[in-house]
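# Architecture and fold: a report
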Amino acid sequence: MSFKAPRILPALTVVTLAAGFILVFYFAPNDADQGFIQKIFYLHVPLAVCALVGFMVAAVQAVLHLRSGDPGWDARSYVSIHISVILGVAVLITGSIWARASWGKWFVWDEPTLVSFLIVFLLYCTYYPLRYAIEDRERQARYASVFAITAGAFVPLNFIAVRLAETLVHPRVFATAEGGLTPKMTLTFLVCLVGMALLWQTLVRFELAAKSTRARLGRLRRALEGDEVAAGGSRIAPVPREAPGAG
Amino acid sequence: MSAFRAILAKDLRTELRTLESVPAMALFAATTFVLFRFGLDRTALEGSLAAGVLLATVLFAAILAINRVFVAEREQGGFDVIRLAPVDGTSLFAAKVCVLAIYLLALELIAVPVFAILFAVGAAGLAPLAAVLVLADFGLATVGALVSSIAVNSRARDLIAPLLLLPLLVPVMIAAAGAAEPLLAAGGPAYGEFGQWMAILALYDLVFVAVGYAVYDFLLED
Amino acid sequence: MPALPLDEAGKYVAGAYVAFVALLLIYVAIMAARLERINRELGELAEIAEQGDDRPAANPAGADAGAQEDARGEAERQVFERERSSRQEVVP
């Protein structure tokens, strides 16, 4: 199967995100409690939501992979996790800056979403060494799918546990993130959220297209140079030419 | 059912005969307690510190057992036997979960009294603490069996297992410590949030048993 | 109108957005590098492919059906042979 690079999607992403950022700085009012600092919320929370949803999407794709045996689903699952981890880095950086601006410390254990996210991020970082440690491609794909499903089940549990742990001791710090949003703020937030979701999808499509191209190059090289050449394409979630099941 | 019992009996019999895992875990726990005494520079523990030291020690001792739980199957072809026999792969999963849970309970039978003695922990909270530990052990065993199955067929298996395990066990740590901390408090056990934390532990156990049952056959495929 | 107080708060907010854009640009740069590598590999493979085509063209007169040749095909073959002979001087 070959994954094509997206055409309209990147343009749509740029337009939506630009509109979102314009709304952030020209339209949304300043927060009563946190003032200008709260503007980071429009960046940090959509990134976090998209990363977490991305992990759940990867879990669903992993289920589809296990049921159908189609390596294309494994490639999609891997890329979903990969892009979500990248967004996760952005979440942690922006969250850290927000914590520093609000509380003077680069990390606060008082904010349950940030803490849960750190744990989830650490878990999904172990996905890579797991894949690299298994050489047989089919087995690697299967085990990775099992991991993606397990980790996907873990995410909501983790959030519940951390939130319970924190709220019993400290009150929510970034309470404005939850309630107390004026309609203007809500609109701005939604636009940014849609923009980040589009960004996620764009990056996933690009990543899949790059993998697909590399796999085709590998096959071409093997066809031209003979089978002595090491199989081209990635050792991790390789994209096959034909999917054995549903395309 | 019979496959489950057979595997469980085999593993327990082997452990009783060779005494490989549980004594090592107990010794490890005792030594870790000594390390904590010096690391924290305290001779008496209560409340959150007591809960943290005990649970962290149990967690790390569990990793020892989890790393070893499938080694025999891998080296002696036990996986192939399960694959060929007309037996559900989940019997293997269920048996290994029970084996790990039994090892952990045996460990705690030794380690908790040692802990109470070494750190002058009040005995009043120990009985409800046992209930917390039972639920936590079941969670440790379930996730441990799952992760161990994933790791045993990979290359750096002793490395991959703890790496995958620790983030997954954070909610167990949170809930168990949340429940244990008021139980070990200086003024005697308190039960304010006990039910809530136990509910979280139970939920965790349920979710991962379900996940394990759903995916285990895929791990056994060749 | 934008409320842009360029005090301490402004720097952090700007920092967060700059970090986001920087990460995005780093990703773009990585993708560009991969594209470079793909293009390079494609170039190498194209060369290998052409070299592979050269050898079967060693006997053009015998291989053709004869009647099908047109002027363009003739010219192409001549260019092809010229290229092949010049490449054979370069390639050891």
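About the criteria used
Residues numbered from 1 in each chain as written. Chains lettered and ligands numbered in written order. Predicted model: local features only at pLDDT ≥ 70, side-chain atom pairs only at ≥ 80, totals over all residues. Helix = DSSP H or I, 4+ residues; strand = E, 2+ residues; numbered from the N terminus. Buried ≥ 20, exposed ≤ 12 C-beta atoms within 10 Å, placed from the backbone. Contact = placed C-beta atoms within 7 Å. Nonpolar A, V, L, I, M, F, W, Y, C, P; charged D, E, K, R; others polar. Axes fitted to C-alpha atoms, helices over the stretch in contact; angles between N-to-C directions. Parallel < 35°, antiparallel > 145°, perpendicular 65-115°, else oblique. Left-handed = near helix turned anticlockwise from the far one by under 90°. Expected span 1.5 Å × (residues − 1). pLDDT = per-residue confidence, 0-100. Core = buried A, V, L, I, M, F, W, Y, C linked by C-beta atoms within 7 Å.

A separate point is the overall build of chain B. Within chain B, the regular secondary structure consists of ten helices and zero strands. The order of α-helices and β-strands along chain B, N terminus first, is α-α-α-α-α-α-α-α-α-α. When the backbone C-alpha atoms are referred to their principal axes, chain B occupies close to 60 × 35 × 30 Å.

For the rest of this paragraph, the subject is the overall build of chain A. When you go through chain A residue by residue, the secondary structure sums to seven helices and zero strands. Reading chain A from its N end, one meets helices and strands in the order α-α-α-α-α-α-α. The buried share of chain A, taken over its 247 residues, is 51%. Put simply, 78% of the contacts in chain A that link residues at least 6 apart link residues at least 24 apart.

Here the focus is unusual backbone geometry. Residues and elements named next belong to chain B. One non-glycine residue, Leu-19, lies in positive phi territory at about 50°. Here Leu-19 is to be found in the loop between helix H1 (2-18) and helix H2 (22-40). Backbone geometry places Ala-120, a non-glycine residue, at a positive phi of 50°. Mapped onto the secondary structure, Ala-120 falls in the loop between helix H6 (89-118) and helix H7 (126-152).

Bringing the interface of chain A and chain C into the picture now. Listed as interface residues are 28 residues of chain A and, on the opposing side, 23 residues of chain C. Where the side of chain A that touches chain C is concerned, the elements lending two or more residues are helix H1 (8-26), helix H3 (71-103) and helix H7 (183-225) of chain A. Of the residues that constitute the side of chain A that touches chain C, the class distribution is 19 nonpolar, four polar and five charged.

Our next topic: the packing of helix H9 (residues 170-183) of chain B against helix H10 (residues 194-220) of chain B. All names here are of chain B. Between H9 and H10, the least distance of the axes is 8 Å, while the angle of their chain directions is 155°. Taken together, the axes of H9 and H10 are roughly antiparallel relative to one another. As for the relative orientation of H9 and H10, their crossing is left-handed in sense. Facing H9, whose interface residues are Pro-171, Val-172, Ala-175, Ala-176, Gly-178 and Ala-179, H10 presents Phe-194, Trp-197, Met-198, Ile-200, Leu-201 and Tyr-204.

Right, let's talk about the interface of chain B and chain A for a bit. Contacts between chain B and chain A engage 27 residues on the former and 26 residues on the latter. If you list the elements that add at least two residues to the side of chain B that touches chain A, you get H7, helix H8 (157-168), H9 and H10 of chain B. Among the elements that make up the side of chain B that touches chain A, the one with the highest residue count is H10(B) (nine residues). The class makeup of the residues in the side of chain B that touches chain A is 20 nonpolar, four polar and three charged.

Residues and elements named next belong to chain A. Contact geometry for H1 and H7: axes closest at 8 Å, N-to-C directions at 150°. The orientation of H1 relative to H7 falls into the category roughly antiparallel. Of the two possible hands of crossing, H1 and H7 adopt the one that is left-handed. Residues Leu-9, Pro-10, Leu-12, Thr-13, Thr-16, Leu-17, Ala-19, Gly-20, Leu-23 and Val-24 of H1 touch H7, and the partners they reach there are Thr-188, Val-191, Cys-192, Val-194, Gly-195, Leu-198, Leu-199, Gln-201, Thr-202 and Arg-205.

Taking 1.5 Å per residue, 14 residues should reach 20 Å; helix H4 (residues 112-125) of chain A reaches 20 Å between its end C-alpha atoms and fits that length. Those residues of H4(A) not exposed but buried are A:Pro112, A:Thr113, A:Leu114, A:Val115, A:Ser116, A:Phe117, A:Ile119, A:Val120, A:Leu123 and A:Tyr124.

On to the environment of C:Lys11, then. Considering the arrangement of structural elements, one finds C:Lys11 in helix H1 (residues 8-54). Separated by 34 residues in the primary sequence, C:Lys11 and C:Leu45 place their C-alpha atoms 50 Å from one another.

Here we take up the confidence of the model for chain A. All names here are of chain A. For chain A, the mean per-residue pLDDT works out to 85, and 88% of the residues sit at or above 70. Within the model, the stretch residues 170-177 combines pLDDT values under 50 with 14 contacts to residues more than four positions away or in other chains. Overall, residues 243-247 carries pLDDT values under 50, and its contacts beyond four positions in sequence, including any with other chains, amount to twelve contacts.

Let us now look at the confidence of the model for chain B. Residues and elements named next belong to chain B. Looking at chain B as a whole, its pLDDT mean stands at 90, while 100% of the residues score no less than 70. By mean pLDDT, the top-scoring element of chain B is H2 (94), and the lowest-scoring one is helix H5 (residues 78-84) (79). For this predicted complex, the interface score ipTM comes out at 0.86, alongside a pTM of 0.83.

Moving on, we get to the nonpolar core. Counting 156 residues, the largest nonpolar core has B:Leu100, B:Val147, B:Ala175, B:Ala176 and B:Ala180 as the members making the most contacts within it. Contacts of B:Ala176, omitting those with residues within four sequence positions, involve B:Leu55, B:Val132, B:Ala136 and B:Leu201.

So, on to H9(B). Note on helix geometry: an α-helix contains 3.6 residues per turn, so any two residues three or four positions apart are oriented the same way. For H9(B), which comprises 14 residues, the first-to-last C-alpha distance of 20 Å matches the rise-based estimate of 20 Å (1.5 Å per residue) to within 8%. For H9(B), the tally of buried residues reaches 14 of 14 residues, placing the bulk of the element in the interior.

The next subject is the environment of B:Gly122. Residue and element names in this part refer to chain B. Relative to the helices and strands, Gly-122 is located in the loop between H6 and H7. For Gly-122, a count of 16 C-beta atoms within 10 Å gives the class partly exposed. Sequence separation of Gly-122 and Ala-151 is 29 residues, and the distance between their C-alpha atoms is 39 Å.

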